[in-house]
Each structure stands twice: as structure tokens, then as C-alpha cells.
Amino acid sequence: MRTKIGDMNPSDAFSQSYAEARAKFLVTARAARARLSEIPHPLKGPNGEALACDVARFGPDDAEAVLWINSATHGVEGFCGSGVQIGMMALGWQTRLPANVALLLTHAINPYGFAWIRRVTEDNVDLNRNFFPVGLVPTANAGYAEIHQWVIPEDFDGPKRAQADAALEKFRQEHGERALHQAMAGGQYAYPDGLFYGGTGPTWSNRTLRALISTHLAQARRFCFFDIHTGLGPEGYGEPSYVGKPTEEAFAECQKWFGSDVTWLERGTGASTPVNGHLGLPFRPLYDQGKSGPVLGLEYGTLPSPDVLAALRADHWLHARGQLDSEQGRAIKKRLRDVFYVDTDAWKKQVMDRANELTGKAIRNLAG
Ligand SMILES: [Zn+2]
């Protein structure tokens, strides 16, 4: 027997497309009496559907503390985050908030990537590498410069592909698995069609997140931000990856809230190697304003890392050199979704259980 969430099974909170996820989020939020708003995206989805970041807020406007859960920073990873947000409302977290705590759910901060099954934004930008100070593009990533031509080979199959794979394998053997991951995923700012490209300026999703921070955290004195990701770490495990105030004291406080299994992204203590321009950075000015609270990625494991990277390479190859509307294009898209979204009841239950555990801890600590 499956555990019910309200009158919803855990799996029913998850969706098979952006359009389904959006409709389900809005219906659930309305039924839960959220204050809803939307920030329309200028482009359309693959079936002509409207794209937007939808915002549901519960609790007082001037709440002292805000728990904020964000989804789809990495587009396609939104299948997971959307399910968590809908599941949280179905479970009724909004009905059990302490008087001084608000709950904020931002659905699809990168709706284009979610709808089009991409990890990046409409401009091929990895949003979680895009938050560098305006005018200060991070320095070149020498490791990525060395491997770019092999990451996106000229041909998808055949001798050129084999040559590219062999070159990447040679890099791995010479420098190690983690060095290859750092070179590939650390963020690069020189190859606009490459992987983990951070862009040259703030994308739509970046500007949207900054606007949401100004609006929704202006009144708060304490906050906790969770950004839901997938594709790193053991299948079904949710790793809290700290990107908040970069002091020992603040990190220790975060571990006190959530447990010693919180890792620190900038120290490279978790599944991810450190990255440039990450999403914790736009929250940093709040600390100077005397506000406090942790900012975390919540990284759910799906398939082994080599499988995830292979699917990402294929998707970037498709957009750089292939045909989206082809059998090969559809196969690459299906694979990309599958490596970021384990579409089974067991995985979804693990995802929801972890989200509930962390939500409970966050609310308890935010209430003070
Ligand atoms: Zn991610």
C-alpha cells in the first residue's frame, strides 16, 4: 500500500511534462489558498504553451522568517522539484506554519529549460554558474578549454566520437575523476555552446530570482532557501549542499539545524566539486543587512555520474550540431529526462520523505 499525501499518492505530485507540472502546481496552490503570482517568460514551450515562474506564498506578508523552496534552476531537474513543492502543499505544510513563519514556493525559475527538457536556460546558460557580479565574468577555466573540443565532438557517432571519448579518458587517467569533473562542471565562460556555460551577463532566470529575493525577503529577518536539484550522488539520496554565508560559524549553525550530513559546496566536501557563479551568491548581500539563514542546494541522486554526463554531452551536441526534430533528437531528449528524473514510485517516495524531514527541521529552527 502506498502512503497517501492528503488524498494524493506521493507519485501523483510528480508530472510528465512542464505543462502538466504547472497546471498541477496552480490547482494545488489555489486549493491550498496560496497567494499566487506569476512572472511570465518571454518565450513559449515546445507545444506553444505559456512559460512562467509561478509563485505561491503562505503565511503573513511581514513574517519574521521565510522558508523558500525553489525548483527547476536546472530546467529538466524541475520534474523532481515540482513534485516536492506540490507534495508539500498536498501534505498540508502550509496549514501547520508557526505564526511568524511564511512558506514560499517558486515553481520553475527556469521554465524554458523545464519545458524544453534542457538543463540550461534559453541562452544555453547554466543558471547555477551565472551569478557572478555584473561586469566581472569569472576567469577562464583552463581545464575546460583543454577538453571542450572532445566534450562536444564534431560527430555523434563514428571515428571522431571515438577519438573524443579516448581523449577524455586520457584526461581522466592523467588527472583523476574529480579533476575531470571540476574541468567539465566547474563552470566556463568562453564556449557559449559548451557544457556548464555561465554566460556573460544575468539571464532572465537570474534577474527573476534577484527580483524575488528583493520582494519576498525584504521583511524577513531569518530565511532558509532550498534549491532542488537532481543528478549527483547516490540514487534516491538527498544531499543538502551548503552555499550560505561562507563562515565556519554559519556552516556549523546549518549543520545544527539539519545534521552533520550537510556538505559545503565551496569547500568541495560533497558530491559536487566547487563551482563558479552559484545561486548562493545573490543571497550574500542579505547577511550584510543583518539577516541570517542558510542557503542550500538539495541534490537528489539519480543515475551514476558518467551516465548523467554522457546524456548532457549528447544534449549539448544535439543543440550545437544535431536536429531536435528527429528520431535521434527525441531519443537524446528522452535520455536527458531519464538521467535527471527517476520515474518510479520508490524514488519519488524517497525524495518526498527527505524533503519532509528537512522541511520539518527548517520550520522548527526558523520559528526560533
Ligand atoms: Zn542541478
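Here is a short report on the structure shown in this document. Residue positions are given per chain, counted from 1 along the sequence in the order it is written. Selection of residues for local features in this predicted model requires a pLDDT of at least 70, selection of side-chain atom pairs for listing and counting requires 80 or more, and totals for whole chains, interfaces and linings are taken over all residues. Computation of side-chain values: all heavy atoms of the structure, hydrogens and water removed.

Quick look at the packing of aromatic side chains
The test is simple: Pairing of aromatic rings covers Phe, Tyr and Trp, the last counted by its six-membered ring, and requires centre-to-centre distances within 6.5 Å; plane angles under 30 degrees mean stacked, over 60 mean edge-to-face, and any other angle means tilted. Numbering goes from the N terminus for both helices and strands, where a helix is a DSSP run of H or I of at least four residues and a strand is a run of E of at least two. A ring is considered to have a charge above it if a Lys NZ or an Arg CZ atom is located within 6 Å of its centre and within 35 degrees of its normal.
Tallied over the entire structure, the rule returns 20 aromatic pairs. Arranged with centres 6.1 Å apart and planes meeting at 25 degrees, the rings of Phe-223 and Phe-283 form a pair that is stacked. Here the residue Phe-223 occupies a position in strand β5 (residues 222-235), and Phe-283 occupies one in the loop between β7 (263-264) and α9 (284-288), the gap between them amounting to 60 residues. Among the aromatic residues, ring-to-ring pairing joins Phe-14, Tyr-18, Phe-79, Phe-114, Tyr-300, Tyr-341 and Trp-347 into one connected group. The positively charged end of Arg-96 is found above the aromatic ring belonging to Trp-93, 4.7 Å away from the centroid.

Re the nonpolar core
Our working rule: In this description, a nonpolar core means a group of buried Ala, Val, Leu, Ile, Met, Phe, Trp, Tyr and Cys residues linked to one another through side-chain atoms lying within 4.5 Å. Each residue's exposure class comes from its accessible area (1.4 Å probe, protein chains only) as a fraction of the maximum for that residue type: buried when under 20%, exposed when over 50%, partly exposed otherwise.
Of all hydrophobic cores here, the largest spans 80 residues; its most connected members are Phe-226 and Phe-258. Ranked by residues supplied to this core, first place goes to helix α12 (residues 345-367) with eight residues. Residues Ala-63, Phe-131, Phe-223 and Leu-265 belong to the second largest nonpolar core, which totals 26 residues.

Side note on the coordination of the zinc ion
How we decide: The donor set covers N, O and S atoms within 2.8 Å of the metal, switching to 3.2 Å for Na, K and Ca, and it leaves out water, so a site may look short of donors. Any site counts as irregular unless it has four donors with all angles between 85 and 135 degrees, making it tetrahedral, or four or six donors with opposite ones more than 155 degrees apart and the rest between 65 and 115, making it square planar or octahedral.
Every protein donor of the zinc ion is accounted for by His-74 (ND1), Glu-77 (OE), Glu-77 (OE) and His-229 (ND1), and the metal-donor separations fall at 2.0 to 2.7 Å. Its four donor atoms give the zinc ion angles of 52 to 148 degrees at the centre, a pattern that matches the irregular case.

Some remarks on the pattern of salt bridges
Our working definition: Salt bridge, as used here, is a side-chain nitrogen of Lys or Arg placed within 4 Å of a carboxyl oxygen of Asp or Glu.
Across all of its chains, the model carries 28 salt bridges by this definition. For Asp-315, the salt bridge is made with Arg-118, and the minimal N-O distance between the two is 3.0 Å. Here the residue Asp-315 occupies a position in helix α10 (residues 305-321), and Arg-118 occupies one in the loop between α3 (111-115) and α4 (142-151), the gap between them amounting to 197 residues. With relative accessibility at 0%, the residue Asp-315 sits in the buried group. When the shortest N-O distance is used, the salt bridge between Asp-165 and Arg-313 registers 3.0 Å. One end of the pair, Asp-165, is in helix α5 (residues 158-175); the other, Arg-313, is in helix α10, and 148 residues separate them in sequence. With relative accessibility at 30%, the residue Asp-165 sits in the partly exposed group.

Overview of α10
Note the cut-off: Multiply 1.5 Å by the residue count of a helix minus one, and that product is the helix's expected span. Contact definition: two residues touch when any of their heavy atoms are within 4.5 Å.
The terminal C-alpha atoms of α10, which comprises 17 residues, lie 24 Å apart, in line with the 24 Å expected from a rise of 1.5 Å per residue. For α10, the set of buried residues is Val-308, Leu-309, Ala-311, Leu-312, Arg-313, Ala-314, Asp-315, His-316, Trp-317 and Leu-318. On its buried side, α10 packs onto α4, α5, α6 (177-185), β5 and α11 (327-340).

As for the pairing of strand β8 (residues 295-301)
Short version of the rule: Criterion used throughout: strands pair if DSSP finds at least two bridges between them.
The buried count for β8 comes to seven of seven residues, which makes it a mostly enclosed element. In β8, alternate side chains face the same way, and those of Val-295, Gly-297, Glu-299 and Gly-301 on one face and Leu-296, Leu-298 and Tyr-300 on the other are all buried. Taken together, the seven bridges between β5 and β8 define a ladder with parallel strand orientation. If you follow Thr-230 over to β8, its bridge partner there is Tyr-300. Across five bridges, strand β6 (residues 238-242) lies against β8 in antiparallel orientation. Its bridge partner lying in β8, Tyr-242 is registered against Leu-296.

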